[in-house]
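# Structure at a glance
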Amino acid sequence: MLTRWLGRLAEFLGWPIFWVVLVVVLLVPTACFLILAISPRLFGQGSSWFTISAFQQALTGVTLQGMADSLVVGVLAALLAVTFAIVLAWLLQRTNVSGRRVWSISIWTILLVPSYIIAVGWQVMLGQGGLLASLGLYSASYTKIFFGPAGYTLILAIKGIPFAYFAVAGSISALGSSFEDAARVHGGGRLSTLRVVIPMVLPSIFAGLIVVFAESIADFGTAAVIAPNAHFPIATYNLYVALSSYPANFGVAAVIGCMLVAAVAVALMLQKRFLKSRSYAVLGGRMRIAGRSRLTRRGHVMVLGVLVVIFFVALGVPIIGALVSSMLKPFATLSLHNFTLSAYRGLFSVSGLGGSIGFSFKLAVLNGFLALFLGAVIARRLSKRGTTFIDRLLDVTVLAAIALPGLVLAAGYIFAYNLPILSGLGIDIYGTVLVLIMAYLAGALPSTTRVLAGPMSQVRGSLLDAGRVHGSGLAQSWWRCAVPLLGPSLLWAWLLTFAATFLELPASELLAPPGTQPVAVAILQVLGKSNISQGTALSIVALLIDLGMIIVISILFRFLAPKGWRRLGANVL
């Protein structure tokens, strides 16, 4: 009786509590930061209840130039990333190229490696004391090009490849071979076939463009590495400078945040308008699954060459650059006698480094479970048919949060939880670990929800009803009937959240409590002291921990998870 009563109480209070959490974690911080742009007095930052002075200040000089630069490199990075993604998707989905599993894992690896580590790898490869310099190939022109729009665009495009690939690969794989056959029957060559097929996957291409554009203009990791040494203003770095300078210019930072959000909103509106302009419904039940083209020996060599070049640029260069830089003596030639592990041994002497890794590790594990639980609840709610106004509001909130730059979200926490009114109410959580956890959760919740939305929509309500008919409560029905089906999906959602949180930078940089230092901040601080070898060594160690955790958990799941979870859930992901 008590269990049943508690279950009903949980069902009655569950959604109100959930909405309170969503408002506190996501909506209030974001709204506070954006409203500050027009009403500084509301947050004790000026004398005007309504003013546009911050806009007048921001829309001039370096700040305006930084916004323009961000938009330009965002568009270029999106075009470049989608181009690479289409090539990869076609080669991996429509040909019998060897090593498909290896290439797919490489795409996931790019997704998991933070942009600032890729930028650091390229920086040490091209910079003085780097690999090219040790080979006698150093040129100041390489460095000049890298610390400019070209280098910045390249890093953002590399980081955007997985997002664009996941957007277009499914469409290219699902598109049957009948359209290609029809084009060839009518005498069309390869170019004509592409002209037939590409328009059919335009929705996916636009989705990839929007996602990469949003990720690029919101990226802070690349800006944190490149912008300080370049005469090339970027919006996210300008926002960071406005917040971290003394005295801080909160108004200008808020205006930059508004412009970044508006840029993504305009891009989404253009995408929606484009998709409504005509019908792209080409998939049907009679669609034949496209077979994989059998490559000739020469074609196989050429395709493998293209894949090797793409992944060498995306992963090989930054990883090799970081490894060599971490082990080669400064300004030494490339010789076995000049390799040393002193930078790695030196990590043991860095004060508080072990604490930084342990601190980020614990918060990443915790955030993985929090985001998994809340993300699953939201995904299940959104997957139900006959959505209400509340469901549409929830969907819009989560979708808008995806487009919200992490730096803007983190800055919102500074205002929301540092207000005098909260101190008056006895709520003094600013500058504590709790605020950092909340920011991590807010950053991870949208992506976790989207990852789980598909698998959750596949769980029939009748399955849960059957469990309840046989005497199980709501929680037991989920645990015994649905979770085994969702096991691999839940596992990947947790792993992706863990990996992103462990090396997260924007919230860690702005909200880390005094006396604590997340590992991402520690990496940039070591690099900021011009200790390149130790900074890259720390980057390699952090990346190994991140990827090692994914491998270990995946292996443990494979051998220790209940047999039913592995068997029933094998095809869900």
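Residues numbered from 1 in each chain as written. Predicted model: local features only at pLDDT ≥ 70, side-chain atom pairs only at ≥ 80, totals over all residues. Heavy atoms only, no water.

## Regarding the overall build of the protein chain
Quick reminder of the rule: Only runs of H or I of at least four residues qualify as helices and only runs of E of at least two qualify as strands under DSSP, and these elements are numbered from the N terminus. Note on exposure labels: buried denotes an accessible area under 20% of the residue type's maximum, exposed denotes more than 50%, and partly exposed covers the range between, all computed with a 1.4 Å probe on protein chains only. Whether two residues touch is decided by their heavy atoms; if any such pair falls within 4.5 Å, the residues are in contact. We get accessible surface area from the Shrake-Rupley algorithm with a probe of 1.4 Å; when it comes to residues, only the shown protein chains can shield them.
If you tally the helices and strands in the protein chain, you get 27 helices and zero strands. Considering the protein chain as a whole, with its 573 residues, one finds that 49% of them fall into the buried category. For the protein chain, long-range pairs separated by at least 24 residues make up 78% of all intrachain contacts whose partners lie at least 6 apart in sequence. Of the roughly 28,400 Å² of accessible surface on the protein chain, a fraction of 67% belongs to carbon and sulfur atoms.

## Considerations on the environment of proline 513
As for its position among the elements, proline 513 is in the loop between helix H24 (506-511) and helix H25 (519-528). A residue is classified by how much of its surface remains accessible, and proline 513, at 6% relative accessible area, is buried. Taking the C-alpha atoms as reference points, proline 513 and glycine 431, separated by 82 residues in sequence, lie 4.8 Å from one another. Leave out the neighbours within four places in its chain, and proline 513 touches Gly431, Thr432, Val433 and Leu436.

## Quick look at the environment of alanine 157
Of note, alanine 157 is situated in helix H8 (residues 149-174). Sequence separation of alanine 157 and alanine 77 is 80 residues, and the distance between their C-alpha atoms is 4.4 Å. When residues no more than four places from it in sequence are discounted, the contact partners of alanine 157 are Ala77, Leu80 and Ala81.

## Things to note about empty space enclosed by the protein
As a reminder, the rule being used: Put plainly, a pocket is an open set of points on a 1 Å grid over the protein atoms alone with protein on both sides within 12 Å along at least five of seven lines, a cavity is a set where a 1.4 Å probe fits but cannot get out, and a lining residue has an atom within 4 Å of a point. Grid points are joined across faces, edges and corners, and a volume is the space filled by probe spheres set on the points.
Tallied over the entire structure, the rule returns one cavity of 30 Å³ or more. Its volume calculated, the largest cavity comes out at about 70 Å³. As for the largest cavity, its lining consists of Val113, Ile117, Ile118, Gly121, Leu315, Pro318, Ile319, Ala322, Ile540 and Leu543. Counting only elements with at least two residues in the lining of the largest cavity, the list comes to helix H5 (115-126), helix H15 (297-327) and helix H26 (532-560). Take the lining of the largest cavity: its biggest share by element is four residues, from H15.

## Quick notes on the packing of H5 against H15
Put simply, the test is: Between N-to-C directions, angles span 0 to 180 degrees; the directions come from axes that are lines fitted to C-alpha atoms, helices contributing only their stretch in contact. Helix crossings get a hand from a simple test, with the near helix turned counterclockwise from the far one by less than a right angle marking a left-handed crossing and a clockwise turn marking a right-handed one. Each residue receives one of three labels: charged for Asp, Glu, Lys and Arg, nonpolar for Ala, Val, Leu, Ile, Met, Phe, Trp, Tyr, Cys and Pro, and polar for the others, Gly being one of them.
Following both chains from N to C, one finds H5 and H15 inclined at 65 degrees, their axes separated by 7 Å at the closest point. For the pair H5 and H15, the crossing hand works out as left-handed. Residues Ile118, Gly121, Trp122, Val124 and Met125 of H5 lie in contact with H15, whose contacting residues are Val313, Ala314, Val317, Pro318, Ile320, Gly321, Ala322 and Ser325. Taken together, the residues of the contact of H5 with H15 sort by class into 10 nonpolar, three polar and no charged.

## Some remarks on the side chain of asparagine 238
Here is the rule: Pairs of N or O atoms are called polar contacts if they sit within 3.5 Å, as long as, within protein, a hydrogen donor faces a hydrogen acceptor (for residues adjacent in sequence, only side-chain-to-side-chain pairs).
With respect to the helices and strands, the residue asparagine 238 is situated in helix H13 (residues 235-244). There is a polar contact of 3.4 Å between the side chain of asparagine 238 and the backbone oxygen of valine 62. With residues up to four places along the chain from it excluded, the contact list for asparagine 238 reads Val62, Thr63, Gly66, Pro233 and Ile256.

## Digging into the packing of aromatic side chains
Where we set the bar: Only Phe, Tyr and Trp rings take part, Trp by its six-membered ring, and two of them pair if their centres are within 6.5 Å. Stacked means planes under 30 degrees apart, edge-to-face means over 60, and tilted covers everything else.
Under the counting rule described, the total for this entry stands at 10 aromatic pairs. When the ring of phenylalanine 361 is compared with that of phenylalanine 502, the centres are 6.4 Å apart and the planes differ by 85 degrees; the resulting orientation is edge-to-face. Taken as a pair, phenylalanine 361 in helix H17 (residues 353-383) and phenylalanine 502 in helix H23 (residues 474-502) lie far apart in primary sequence, 141 residues in all. Using a relative accessible area of 29% as the deciding quantity, one classes phenylalanine 361 as partly exposed. On the basis of relative accessible area, phenylalanine 502 is assigned to the buried category, the value being 1%. Ring geometry for tyrosine 413 versus tyrosine 417: centroids 5.5 Å apart, planes at 35 degrees, classification tilted.

## Notes on the packing of helix H3 (residues 61-94) against H15
Spelled out, the test is: Convention used here: angles under 35 degrees read as roughly parallel, angles over 145 as roughly antiparallel, angles from 65 to 115 as roughly perpendicular, and any remaining angle as oblique.
Axis separation between H3 and H15 bottoms out at 11 Å; the angle between their running directions is 140 degrees. In terms of orientation, H3 and H15 fall into the oblique class. Here the hand of the crossing between H3 and H15 comes out left-handed. Packed against H3, whose contacting residues are Phe84, Val87, Leu88, Leu91 and Leu92, the element H15 presents Val303, Val306, Leu307, Ile310 and Phe311 at the interface. When its residues are assigned to classes, the contact of H3 with H15 shows 10 nonpolar, no polar and no charged.

## Observations concerning the environment of phenylalanine 55
Examined against the element boundaries, phenylalanine 55 turns out to sit in helix H2 (residues 53-58). Exposure remark for phenylalanine 55: the relative accessible area of 24% places this residue in the partly exposed category. Residues phenylalanine 55 and methionine 259, 204 residues apart in the sequence, show an inter-C-alpha distance of 9.8 Å. Discounting residues that sit within four places of it in the chain, phenylalanine 55 has contacts with Ala37, Ile38 and Val255.

## Digging into H15
Put simply, the test is: Any helix carries an expected span of 1.5 Å times its number of residues minus one. Think of it this way: the bend at a residue is just the angle between two axes, each fitted to seven residues, one set ending at that residue and the other starting at it.
Taking 1.5 Å of rise per residue, 31 residues should cover 45 Å, yet H15 covers just 39 Å from first to last C-alpha, more than 12% shy of that figure. Roughly 50 degrees is the biggest bend found in H15, and it falls at phenylalanine 312.

## Thoughts on the confidence of the model for the protein chain
Condition: Every residue is assigned a pLDDT by the predictor, reflecting its confidence on a scale from 0 to 100.
Predicted confidence across the protein chain gives a mean pLDDT of 79, with 84% of residues reaching 70 or more. The secondary-structure element of the protein chain with the lowest mean pLDDT is helix H27 (residues 563-568), recorded at 63, while H3 shows the highest, at 90. Low pLDDT, under 50, characterises residues 569-573; the predicted model gives this stretch 14 contacts beyond four residues in sequence or across chains.

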